[in-house]
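Structural description and commentary
Each chain is listed here by its residues.
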Amino acid sequence: MKIAIITGSSGLIGSEAVHFFASKFDLIVGVDNNLRAYFFGKDASTDWNLKNLSEKFQNFEHHNIDIRDFGH
Ligand SMILES: NC(=O)c1ccc[n+]([C@@H]2O[C@H](COP(=O)([O-])OP(=O)(O)OC[C@H]3O[C@@H](n4cnc5c(N)ncnc54)[C@H](O)[C@@H]3O)[C@@H](O)[C@H]2O)c1
């Protein structure tokens, strides 16, 4: 099984990467915790893009994870 992991998957570049790779991989694992909304306010939220990707691609799986992983 071919799996692609895309960080920042709800953002501008990440979501375009999901569009590009969705037909080339069996599973796309997106990692994004919408930190953009934390930094820039709710108008900057990328939730709308996450919803779009989830509706559009059956093989897209989202994980609300902080890539910085402060625990380690
Ligand atoms: N937009 C451009 O034209 C452009 C061009 C070249 C390079 N870049 C660089 O590419 C990167 C992404 O740019 P973008 O335009 O897609 O930004 P963006 O703000 O649209 O997307 C970034 C995404 O990453 C998520 N994110 C941020 N911190 C996170 C964390 N700790 N854990 C999980 N998710 C997190 C945000 O919530 C957001 O959805 C940036 O480093 C930017 O400087 C952007």
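In short, a report on the structure. All values reported here derive from a predicted model rather than from experimental measurement.

Description of the site of the ligand
Within the structure, the ligand sits among 16 residues, and Gly8, Gly11, Leu12, Ile13 and Leu35 are positioned closest to it. Breaking the shell around the ligand down by element, the ones donating at least two residues are helix H1 (12–21) and helix H2 (35–40). Of the residues that constitute the shell around the ligand, the class distribution is five nonpolar, seven polar and four charged.

Some words on unusual backbone geometry
Here the phi dihedral of asparagine 34 falls at roughly 55°; this positive angle occurs in a residue that is not glycine. As for its position among the elements, asparagine 34 is in the loop between strand E2 (27–31) and H2. Classification of asparagine 34 by C-beta neighbours within 10 Å gives partly exposed; the count is 17.

A few points about the sheet that holds strand E3 (residues 60–63)
Within a beta sheet, neighbouring strands are joined by backbone hydrogen bonds and run either parallel or antiparallel to one another. Reading across from one edge, E1-E2-E3 is the order of the three strands in this open sheet, with parallel pairing throughout. Bordering the open sheet on either side are strand E1 (3–7) and E3, each of which pairs with just one other strand. Across the sheet, the axes of successive neighbouring strands diverge by a mean angle of 20°, strand direction being ignored. Where E1 meets E2, five bridges bridge the pair, whose relative direction is parallel. Looking at E2, one finds that alanine 4 is bridged to isoleucine 28. Contacting E1, E2 and E3, H1 crosses the sheet at an angle of about 165° to E1.

Side note on the nonpolar core
Inside soluble globular proteins, nonpolar side chains tend to come together where they are buried. Judged by nonpolar contacts, Ile6, Val18, Ile28, Leu50, Leu53 and Phe60 together constitute the single largest core of six residues. Leucine 53 has contacts with Ser15, Val18, Gly30 and Phe60, leaving out every residue within four places of it along the chain.

Side note on the environment of arginine 36
With respect to the helices and strands, the residue arginine 36 is situated in helix H2. Setting aside residues no more than four positions away along its own chain, arginine 36 makes contact with Gly11, Ala44, Ser45 and Thr46.

Concerning the environment of serine 15
Within the element layout of this structure, serine 15 appears in helix H1. Given 21 C-beta atoms within 10 Å, serine 15 falls into the buried group. Residues serine 15 and glycine 30, spaced 15 residues apart in sequence, show a C-alpha to C-alpha distance of 8.8 Å.

Each value, and the rule that gives it
- Residues numbered from 1 in each chain as written.
- Predicted model: local features only at pLDDT ≥ 70, side-chain atom pairs only at ≥ 80, totals over all residues.
- Near = placed C-beta within 6 Å.
- Helix = DSSP H or I, 4+ residues; strand = E, 2+ residues; numbered from the N terminus.
- Nonpolar A, V, L, I, M, F, W, Y, C, P; charged D, E, K, R; others polar.
- Buried ≥ 20, exposed ≤ 12 C-beta atoms within 10 Å, placed from the backbone.
- Pairing = 2+ DSSP bridges.
- Axes fitted to C-alpha atoms, helices over the stretch in contact; angles between N-to-C directions.
- Contact = placed C-beta atoms within 7 Å.
- Core = buried A, V, L, I, M, F, W, Y, C linked by C-beta atoms within 7 Å.

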